[in-house]
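# Coordinate analysis (summary)
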Amino acid sequence: MVEAVGDRSGDRPRAETDLRMVLLGAAGWAGALAATGLGWWAVALGVAIGGLVAAWSRRGGRSVGTATAVVLALAGTSSVAALRAEQVATSPVAALARDGAAVRVTGTVTSDPRRTTGPYGDVLVTRLAVTGVTGRGVTYALRAPVLVLGDDDWADVALGSTVEVGGRLSPAQGADLAAVLGARGPPVVTGEPDVWWDGAAAVRESIRASVAHRPAAERALVPALVDGDDAGVDQGLAADFRTTGLTHLLAVSGTNLTLVVGFLLLLARWAGVRGRWLHVVGAVGIVGFVLLARTEPSVLRAAVMGTVGLFAMGTAGRRRGSRALGVAVLALLLVQPGLAVSPGFALSVLATAGIVLLAPAWRDALARWLPRSVAEAVAVPAAAQLACTPVVAGLSGQVSLVAVVANLLAAPVVGPATVLGLAGGLVGLVWGAAGRVLGTLAGWCVAWLVLVATRAADLPTAAVGWGTGAPALAGLTVLVAAVVVVGPLLLRRPGTGLACTALLLATVLVRVPSPGWPPTGWVLVACDVGQGDALALRAGPHSAVVVDAGPDPRAVDRCLDDLGVTEVPLLVLTHFHADHVDGVSGVLDGRHVGELDTTRLLDPPAGVAGVAAAAAGAGLTPGPSPFGVTRQVGDVTLQTLWPAPDSPTVGPGDGSTANEASVVLLAQVRGVRMLLTGDVEPEGQAALAAALPGLTVDVLKVPHHGSRYQDEPWLLSLGSRIAVVSVGADNDYGHPAASTLEPLSDAGTDVRRTDRDGSIAVVMDGDGLAVATRGGGGAMP
């Protein structure tokens, strides 16, 4: 992709970048966004705005033509988006979903099943292009996209198969889906995939086989890098890639297509192919890549952006790339207007725009005192990362400070790893041993990527937290715009360029102190770990009892680092759902952990196995939290109130009863009484109310992320002054529910939530009980 910023045609400066098509793409994007909220009114608004622009434009020149094209682009995408939304909303599938109808559907599988964690255990998620649905005694012939939530019966259903399945429909979020189907019973395959899907599946399987003998990280990352098959990637490693700005390597991106098709074109040229036949070779390569990586919206988007990268290579690259970018954005939104609100689409477009539009100025500035190849190698990842920074911060709540360096170090092996991995799969189809040799070479390249990601993520300030609310993101956008303007001016001279580099290195290598954090007198901190729980009770200097570990090792590790916690005399995992235990390696990393307590119920099995493996690596033996025993752990007094000593230890295997078996703790630190409730359900809450009448506390950790299923009278009877809700922003479960929080607020409880406030500290100081927060992106409820 280095050539993407080059333009060696000798064109006049004014022809280097053609922003007219970029403007049309931006107008189309604005139209589709407007239609998402305004519907058909967006069309009228777009035409009115466009008319005003045209009226103010200079008569008789290019300006009027450009203004007219802007109007057409804006009106076109807004019309298509409004029409598509209306079709989905008025389709029989959507109507049945609104009624929660039981149906039987026929359709074609359009994505591979992907395992994910639901509220009651693991589910397999796949997409179905429904062609027929029977519900309420009526059969409809139609075509509608539906998301299917199924069990392990879906694991072996091949992409492209035609299936029949029954289940219950529910409304879907997003304009690209008509409904969500909760499947009941196994799917019945009525039609086999077409031959090209079988071929793509064989290549994917061969890629996996070519690296099956390599270490676990390489086994998982080679398929992820080549075709986006990231099912085996460890969550801790994925967190390291996210922290270092290398996440794009774990998914299908335009870079994948550019590397694969670019290599194919080089081979074709070496074989003597010239002229229009090269276009045919490129088209075949693009189609083959899409089939291999699957025809999901993200893959099609990546393929189009990769094609833009191909246009930007070679002569007149900057002009051709900007034109291709604008056309690609407009075309994608006309075909699939729902992409306008897709974070993946935004990141892909912004990264490509950064490479095509911003990188040349940065490269030229650096090339004044660096070799041109080095300047270009630095400018490309810097421009792409800078363009994406506000969106990445909005999604992750952090800004990576090592992303540019990490991408620069990773770049030399990304191409070889991708090409060798694909070659290993193709050759392995006819000669397994040769395929494994190529897979080994690809694995060696990927091992370097793992080393870069893990070492960079371990730097003291690899990333800094950033708010996800509108004011914080607006401020970051302004800061990015300032860097875009000022950056080339600073980098064009060796003195200022090296000074900027030294400042960045100093920031990364030395942990930046957080003023006022942790606050003096803290007794409890609810870490902002996304959709999950991770709590720290202060047990002494640099010591804390940790209750749950959240879903992300990096997030809980960072929170404990920020608190200065190096000793964990007791780690309690309330139950084995992923949002409470998947981050356990982050608690164990670099800290001495004395004991590990868990719930009695060993379910779901995946969570139990993960905890057991992490504990064994740390020399710990998990055991049930002792019921009814009052313990003193440093400054923390702790008593386990639930589950009862005669409660089950074996579950159904799907995690559906795990919440009810959550460990509930009554803790006291410096006289502050706190009730930590895990995800205990209303039945368990009622049992606690009966067993402990008159229980009152100062601080309540609201059960189950504030879900609507609560024993409200019991929660109110606790008389808590502060209630903490540990919850992820924009989660898929509707947490927290207003019906849970409003009664607490009405009763005078100060309700705080991590999705808005960031990490929450309960403080006992000379003035009494108080709350301090850090990293929030929104207003208080």
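Small disclaimer: the values here were computed from a predicted structure and weren't measured. (Residues numbered from 1 in each chain as written. Predicted model: local features only at pLDDT ≥ 70, side-chain atom pairs only at ≥ 80, totals over all residues. Heavy atoms only, no water.)

### Brief notes about the overall build of the protein
Inclusion rule: Strands are runs of DSSP state E lasting at least 2 residues, helices are runs of H or I lasting at least 4, and numbering of each runs from the N terminus. Here the term buried applies to any residue with accessible area under 20% of the maximum for its type, exposed to any over 50%, and partly exposed to those in between, with areas from a 1.4 Å probe on protein chains only. Residues are treated as being in contact if the distance between any of their heavy atoms lies within 4.5 Å. A 1.4 Å probe and the Shrake-Rupley method give the accessible areas. Residues count as covered only by the protein chains that appear here.
Helix and strand counts for the protein stand at 25 helices and 23 strands. Counting over 781 residues, the protein shows a buried share of 50%. In the protein, the proportion of contacts linking residues at least 24 apart, taken out of those at least 6 apart, comes to 70%. Within the structure as shown, the protein displays about 33,500 Å² of accessible surface, and the carbon and sulfur contribution to it stands at 63%.

### A short note on the pattern of salt bridges
This is how it is decided: Definition used for salt bridges: Asp or Glu carboxyl oxygen within 4 Å of a side-chain nitrogen of Lys or Arg.
All told, the structure shown has 14 salt bridges when counted by the stated rule. Two residues, Asp750 and Arg752, come together in a salt bridge whose shortest N-O distance is 2.9 Å. Relative accessible area serves as the criterion here: at 27%, Asp750 is assigned to the partly exposed category. Exposure remark for Arg752: the relative accessible area of 17% places this residue in the buried category. Residues Asp755 and Arg753 are paired through a salt bridge, measuring 2.8 Å at the closest nitrogen-oxygen approach. Several salt bridges converge on common partners, so that one network encompasses Asp557, Asp561 and Arg591.

### Here we look at the nonpolar core
Here is the rule: To define a nonpolar core, start from buried Ala, Val, Leu, Ile, Met, Phe, Trp, Tyr and Cys residues and group those joined through side-chain atoms within 4.5 Å.
Among the nonpolar cores identified, the biggest contains 32 residues, and Val525, Leu563, Leu571, Leu573 and Val587 are the most heavily contacted of them. At the level of elements, strand E9 (522-526), strand E11 (543-547), helix H18 (553-562), strand E12 (567-573), helix H20 (584-588), strand E13 (592-598), helix H21 (605-617) and strand E22 (758-765) are the ones that each hand at least two residues to this core. Of the residues forming this core, the biggest block, 4 residues, is contributed by H18. Sequence-distant contacts of Val587, defined by excluding residues within four places in its chain, comprise Val546, Ala549, Val556, Leu560, Val568, Leu571 and Val593. Counting residues in each nonpolar core, the second largest holds 31 residues, with Phe241, Leu246, Val260 and Leu292 among its members.

### Remarks on the packing of aromatic side chains
The test is simple: The pairing test for Phe, Tyr and Trp rings, Trp by its six-membered ring, is centres within 6.5 Å, and the orientation test on the planes gives stacked under 30 degrees, edge-to-face over 60, and tilted for anything in between.
In the structure shown here, the tally under the stated rule is 1 aromatic pair. Here the aromatic rings of Trp29 and Phe345 are separated by 5.1 Å at their centres, their planes lie at 75 degrees, and the arrangement is edge-to-face. Taken together, the residues span a long stretch of sequence, with Trp29 in helix H1 (residues 19-38) and Phe345 in helix H12 (residues 343-366) at a distance of 316 residues. Judged by its relative accessible area of 17%, Trp29 is buried. By relative accessible area, which is 0% here, Phe345 ends up buried.

### A short note on the sheet that holds strand E20 (residues 722-725)
Neighbouring strands of a sheet are bound in pairs by backbone hydrogen bonds; such pairs are parallel or else antiparallel. The condition is simple: Strand pairing is assigned whenever DSSP identifies at least 2 bridges connecting the two strands. All axes are obtained by fitting lines to C-alpha atoms, using only the stretch in contact for helices, and the reported angles, taken between N-to-C directions, cover 0 to 180 degrees.
Reading across from one edge, E15-E16-E17-E18-E19-E20-E21 is the order of the 7 strands in this open sheet, with mixed pairing throughout. The sheet is open, and its two borders are formed by strand E15 (630-633) and strand E21 (750-753), each paired with just one other strand. Averaged over neighbouring strand pairs, the angle between their axes works out to 20 degrees when direction is ignored. Each of E20 and E21 is contacted by helix H24 (residues 738-746), which is oriented at about 145 degrees to E21, the strand it contacts most.

### A few points about the packing of helix H6 (residues 216-227) against helix H15 (residues 432-457)
For clarity, the threshold we go by: Roughly parallel covers angles under 35 degrees, roughly antiparallel covers those over 145, roughly perpendicular covers 65 to 115, and oblique covers all other angles.
One way to put it is that H6 packs onto H15 with a least axis distance of 9 Å and a crossing angle of 100 degrees. As judged from the angle between their axes, H6 and H15 are roughly perpendicular. Two secondary-structure elements touch here, H6 through Ala217, Glu218, Leu221, Val222 and Leu225 and H15 through Ala442, Gly443, Trp444, Val446, Ala447, Leu449 and Val450.

### Concerning the environment of Ala67
Among the secondary structure elements, Ala67 is positioned in helix H3 (residues 62-90). Distance in space between the C-alpha atoms of Ala67 and Leu24 is 9.3 Å, their sequence separation being 43 residues.

### A few points about the state of the cysteines
What we call a disulfide is simply a covalent bond connecting the sulfur atoms of a pair of cysteines. Using the following cut-off: Two cysteine sulfurs form what is called a disulfide whenever their separation falls within 2.5 Å.
Scanning all chains against the criterion turns up 1 disulfide. In this model, Cys527 is linked to Cys559 through a disulfide, with the two sulfur atoms separated by 2.1 Å. A torsion of -70 degrees about the S-S bond marks the disulfide between Cys527 and Cys559 as left-handed. Linking Cys527 in the loop between E9 and strand E10 (535-540) with Cys559 in helix H18, this pair joins segments that are 32 residues apart in sequence. Given a relative accessible area of 1%, Cys527 falls into the buried group.

### Details of the environment of Ala129
Here Ala129 shows up in strand E3 (residues 121-135). The class for Ala129 is buried, based on a relative accessible area of 7%. When the C-alpha atoms of Ala129 and Ser111 are compared, they prove to be 9.7 Å apart, with 18 residues separating the residues in sequence. The contacts of Ala129, once residues within four sequence positions are left out, are Thr106, Gly107, Thr108, Thr110, Arg143 and Ala144.

### Some thoughts on the pairing of E20
What counts, and what does not: Here, the term right-handed applies to a crossover whose path from the first strand over the helix to the second runs clockwise when the strands point away from the viewer.
Both faces of E20 are covered, namely the face carrying Ile722 and Val724 and the face carrying Ala723 and Val725. Pairing of strand E19 (residues 699-701) with E20 involves 3 bridges; the strand directions are parallel. By the bridge assignment, Val699 is partnered in E20 with Ile722. At this point the chain moves from E19, through helix H23 (residues 712-717), to the parallel E20, and the crossover so formed is right-handed. Relative to E21, E20 is paired through 4 bridges, and the arrangement is parallel. Each residue of the ladder has a partner; that of Ile722, found in E21, is Asp750.

### Observations concerning the side chain of Asp557
Positionally, Asp557 belongs in helix H18. A relative accessible area of 8% places Asp557 in the buried class. Excluding its chain neighbours within four sequence positions, the residues that come into contact with Asp557 are Gly586, Asp589 and Arg591.

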